[in-house]
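# Descriptive analysis of the structure
Residues per chain, in single letters:
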Amino acid sequence: MTSSSKRIVVAINPTASFGRGREVGPAVVTTLRGLGHEVTSLTEPDFAQLLDAARAAVREKPDALVVVGGDGMVNLGVLALEGSRVPLGLVPSGTGNDMARGLGIPVGDTEAAIEHLAAALQRPARVIDAGTIGFAGGRSRFACILSAGFDALVNERANRMTRPRGRSRYTIALLVELAKLRPIDYTLTLDGVVHHERALLVAVANNLSFGGGMKVAPDASLDDGLFDVVLVRPLGRLAFLRIYPRVFAGTHITDPRVVVHRAAAVRVEAAGVVAYADGERIAPLPVDIDMDAGGLRVLA
Ligand SMILES: Nc1ncnc2c1ncn2[C@@H]1O[C@H](COP(=O)(O)OP(=O)(O)OP(=O)(O)O)[C@@H](O)[C@H]1O
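Being a predicted model, the structure only gives us computed values, none of them experimental.

### Notes on the overall build of the chain
Each helix and strand counted, the chain has 8 helices and 16 strands in total. Per-residue burial over the chain gives 54% buried out of 300 residues. Counting contacts in the chain only where the partners sit at least 6 residues apart, residues at least 24 apart contribute 70% of the total. When the accessible surface of the chain is summed, it comes to about 12,600 Å², and 52% of that surface belongs to carbon and sulfur atoms. Distance from the positive charge centre (33 side chains) to the negative charge centre (31 side chains) of the chain: 5 Å.

So this is what it looks like as structure tokens:
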């Protein structure tokens, strides 16, 4: 083994992106072993068992935990690494892959992503922020974006759909939900200040995009110790459809009905709304979100 050889745990979601990236996990393991690293490969029948296995592996203090999948697998990594200084590596093979986009990790080119990881393993890890989420009966963590409102409904619908594959699934889910568009009455507490807001969505963002490159919080920084809290105030369906394509470029935030706050502690309350984070279902509101500044080390 060379002096730069590392002990690496690779946690794989073979079902990411509807199983399209099934070969990515084995390719990561083979390539890293070929480079002389000592690799433990983890796959389990479901997310909960994989999280248990990853947590057990992290207790052995490996040099890195690498996740292979989409943002849900980033979420698994963030949960498994709570309280640990072990860095998180990522080879994206999911549908949205928004964390990889935010970190500058190649998306849609597995070979390039593995090369990027192999190079990052030889550098000090980058320190970024994470978020903690408190809700009735539990707590969780996230790295990308917590959303609660229209976008979460779209996410929920897109997750239930099996086709079309890729980003257009989100567009179709969006159009279906758009037909039922209703403003939500939120109570937001931002660093102790209470705001009552009628809005279509609230996104509490560490990373800038969700849904496969939709830059809902284009100015969000992964290491500024603050969340960008994006609100979209009520819009008619046509106005919403006009603004929607602008989210891919992030230019929607110039619309006066889009409001961005910055805060480190956020409470989101609204009746009958479920919070999603990193594309995973978290819990019905209310949720309390706290900044964990510098809480995550990443290989990027
Ligand atoms: N064997 C398994 N291991 C891990 N996760 C699994 C497994 N089977 C199903 N899943 C589910 O996969 C989801 C995570 O998928 P992931 O984020 O990796 O890919 P994706 O949804 O295609 O991508 P993205 O989140 O970037 O859109 C979780 O909700 C998890 O419950």
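### Description of the environment of F227
One can find F227 in strand β11 (residues 227-232). Each C-alpha atom of the pair F227 and A265 lies 8.3 Å from the other, and the pair is 38 residues apart in sequence.

### Quick notes on the domain arrangement of the chain
Domain parsing of the chain yields domain 1 (7-124) and domain 2 (135-294). Between domain 1 and domain 2, the C-alpha centre-to-centre distance is 26 Å. Between domain 1 and domain 2, roughly 1,600 Å² of surface is buried when both sides are summed, and carbon and sulfur atoms account for 59% of that area. With its nearest N and O atoms 3.0 Å apart, the salt bridge here joins E82 to R139.

### Let's talk about the nonpolar core
V10, V28, V91, M99 and L296 are the most contacted members of the largest nonpolar core, which totals 78 residues. Residue assignment places this core across two domains, with domain 1 (7-124) and domain 2 (135-294) each supplying three or more. Excluding its chain neighbours within four sequence positions, the residues that come into contact with L296 are V78, L81, L88, R126, V127, I128, A130 and A143. Counting 29 residues, the second largest nonpolar core, distinct from the first, contains A199, F227, V273 and A277.

### A few points about the side chain of S5
Its location among the elements puts S5 in the segment before β1 (7-12). Under the relative-accessibility criterion, S5 is labelled buried at 16%. Here the side chain of S5 touches G36 through a polar contact of 2.8 Å, landing on its backbone oxygen. Beyond its immediate stretch of four places on either side in the chain, S5 contacts G36, H37 and E38.

### A short note on the packing of helix α1 (residues 24-34) against helix α5 (residues 110-120)
When two helices pack together, their arrangement is captured by the angle between the axes and the distance separating the axes. It is the contact of α1 with α5, at a shortest axis distance of 11 Å, that shows an interaxial angle of 40°. Taken together, α1 and α5 sit at an angle that is classed as oblique. Handedness of the crossing formed by α1 with α5: right-handed. Taking contact as the criterion, the partners of V24, A27, V28, T31 and L32 in α1 are, on α5, T110, I114 and L117. Its residues placed into classes, the contact of α1 with α5 shows 6 nonpolar, 2 polar and no charged.

### Here's the deal with the packing of helix α2 (residues 47-59) against helix α3 (residues 71-80)
Between α2 and α3, the shortest axis-to-axis distance is 9 Å and the interhelical angle comes to 40°. Compared by their axis directions, α2 and α3 come out oblique. For the element pair α2 and α3, the recorded crossing hand is right-handed. In this structure, α2 uses F47, L50, L51, A54, R55 and V58 to contact α3, whose residues at the interface are G72, M73, N75, L76, L79 and A80. The class makeup of the residues in the contact of α2 with α3 is 9 nonpolar, 2 polar and 1 charged.

### Here we look at the sheet that holds strand β10 (residues 201-205)
Spatially, 6 strands are ordered β12-β11-β10-β7-β14-β15 in an open sheet, and the strand pairing comes out antiparallel. Every interior strand has two partners, whereas the edge strands, β12 (258-263) and β15 (280-284), have only one. Strand after strand, the sheet turns through a mean of 20° between neighbouring axes, direction not considered. By the bridge criterion, 2 bridges tie strand β7 (residues 145-149) to strand β14 (residues 274-277) in an arrangement that is antiparallel. Bridging across to β14, S147 finds its partner in Y276. In the packing of helix α6 (residues 150-160) onto the sheet, the strands contacted are β7, β10, β14 and β15, and the crossing angle to β7 comes to about 100°.

Procedures and definitions
Residues numbered from 1 in each chain as written. Predicted model: local features only at pLDDT ≥ 70, side-chain atom pairs only at ≥ 80, totals over all residues. Heavy atoms only, no water. Helix = DSSP H or I, 4+ residues; strand = E, 2+ residues; numbered from the N terminus. Buried < 20%, exposed > 50% of the residue type's maximum accessible area, 1.4 Å probe, protein only. Contact = heavy atoms within 4.5 Å. Areas by Shrake-Rupley, 256 points an atom, 1.4 Å probe, with all protein chains shown as cover. Lys, Arg positive; Asp, Glu negative; His and termini not counted. Charge placed at Lys NZ, Arg CZ, Asp CG, Glu CD. Domains from an automatic or database assignment. Buried area = accessible area lost by both parts, 1.4 Å probe. Salt bridge = Lys/Arg side-chain N within 4 Å of Asp/Glu carboxyl O. Core = buried A, V, L, I, M, F, W, Y, C linked by side-chain atoms within 4.5 Å. Polar contact = N/O pair within 3.5 Å; in protein donor to acceptor, adjacent residues only side chain to side chain. Axes fitted to C-alpha atoms, helices over the stretch in contact; angles between N-to-C directions. Parallel < 35°, antiparallel > 145°, perpendicular 65-115°, else oblique. Left-handed = near helix turned anticlockwise from the far one by under 90°. Nonpolar A, V, L, I, M, F, W, Y, C, P; charged D, E, K, R; others polar. Pairing = 2+ DSSP bridges.

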